[in-house]
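Here are the chains, one letter per residue:
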Amino acid sequence: MSASNKWDLSAEDIKTAAKDEKELLLEHDSDPDENMLFNRPSTSVAETKPDGKMDSVRLQIQEVTEVMRENVQKVIERGEKLEDLQEVSDRLTMAGNEFRAAARKAQQRAWLQNFKTRIILVTITVTVVVCIIVLDIMVLYLVLR
């Protein structure tokens, strides 16, 4: 180091300045902005004071975080409700298909029974008519004889 330069400091001056600066830093509390840089911000909602800009930003971040957590919870609940609704819908579809098949079988049975009833009525009617005709013919045959 040259002594001619006015910016040259002695080793003793540098040590004294460093010591004074350390004492100054240790005596005074650090700024909230410095705390934000050196300390991890708290994620809890406990006792937040919107004193400065950083505190208001922290508060806003916490509010947004809470809103997002609530939204995610609502989406999860909605998904569960949709799954339940899908299961109920599937069961209803199966029940509807079973009902349709049972109704079709009942309709076929009713048609078959109706058909049988008509066959029986037609058979009885034809039998009665044939009996009447046969009896008339027999009576005529007996009378003409």
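Residues numbered from 1 in each chain as written. Predicted model: local features only at pLDDT ≥ 70, side-chain atom pairs only at ≥ 80, totals over all residues. Heavy atoms only, no water.

You'll find the protein chain entered in an unreviewed UniProt entry as Vesicle-associated membrane protein 4-like isoform X1, with Apis mellifera given as the organism.

Engineer: Quick rundown of the packing of aromatic side chains? Include the residues and the values.
Structural biologist: Here the structure, examined in full by the defined rule, presents one aromatic pair. Each ring, one from Trp-111 and one from Phe-115, has its centre 5.5 Å from the other, and the planes form 10°; the classification is stacked. In this pair, Trp-111 and Phe-115 are both assigned in helix α3 (residues 53–144), four residues apart and thus about one turn of the helix distant. Residue Trp-111 is classed as exposed on the basis of its relative accessible area of 57%. (Phe/Tyr/Trp six-rings, centres within 6.5 Å; stacked < 30°, edge-to-face > 60°. Helix = DSSP H or I, 4+ residues; strand = E, 2+ residues; numbered from the N terminus. Buried < 20%, exposed > 50% of the residue type's maximum accessible area, 1.4 Å probe, protein only.)

Engineer: Describe the environment of Thr-125, listing the residues and the values that go with them.
Structural biologist: By the element assignment, Thr-125 lies in helix α3. At 2.7 Å, the side chain of Thr-125 forms a polar contact with the backbone oxygen of Leu-121. (Polar contact = N/O pair within 3.5 Å; in protein donor to acceptor, adjacent residues only side chain to side chain.)

Engineer: Lay out the side chain of Asp-55 in plain terms, naming residues and giving numbers.
Structural biologist: Topologically, Asp-55 is positioned in helix α3. For Asp-55, a relative accessible area of 17% puts it in the buried group. Here Arg-58 takes part through its side chain, which lies 2.8 Å from a polar atom of the side chain of Asp-55.

Engineer: So what's going on with the UniProt feature "transmembrane region" (unreviewed entry) in the protein chain? Residues and values would help.
Structural biologist: Here, UniProt's "transmembrane region" (unreviewed entry) annotation points to residues 119–144. Helix makes up 100% of residues 119–144 and strand 0%, and the two end C-alpha atoms of the span are 37 Å apart. (UniProt positions renumbered as here; feature names shortened; annotations may be inferred.)

Engineer: Go over the pattern of salt bridges, please, and point to the residues and values.
Structural biologist: For the structure shown, the criterion picks out two salt bridges. Note that Asp-55 and Arg-58 form a salt bridge whose closest N and O atoms lie 2.8 Å from each other. With a gap of three residues between them, Asp-55 and Arg-58 both fall in helix α3, about one helical turn apart. A salt bridge links Arg-69 to Glu-66, with the shortest nitrogen-to-oxygen separation between them at 3.1 Å. Remark: Glu-66 and Arg-69 occur in helix α3; sequence separation between them is three residues, near one turn of the helix. Accessibility expressed as a relative area gives 48% for Arg-69, which makes it partly exposed. Residue classification places Glu-66 among the partly exposed residues on the basis of a relative accessible area of 33%. (Salt bridge = Lys/Arg side-chain N within 4 Å of Asp/Glu carboxyl O.)

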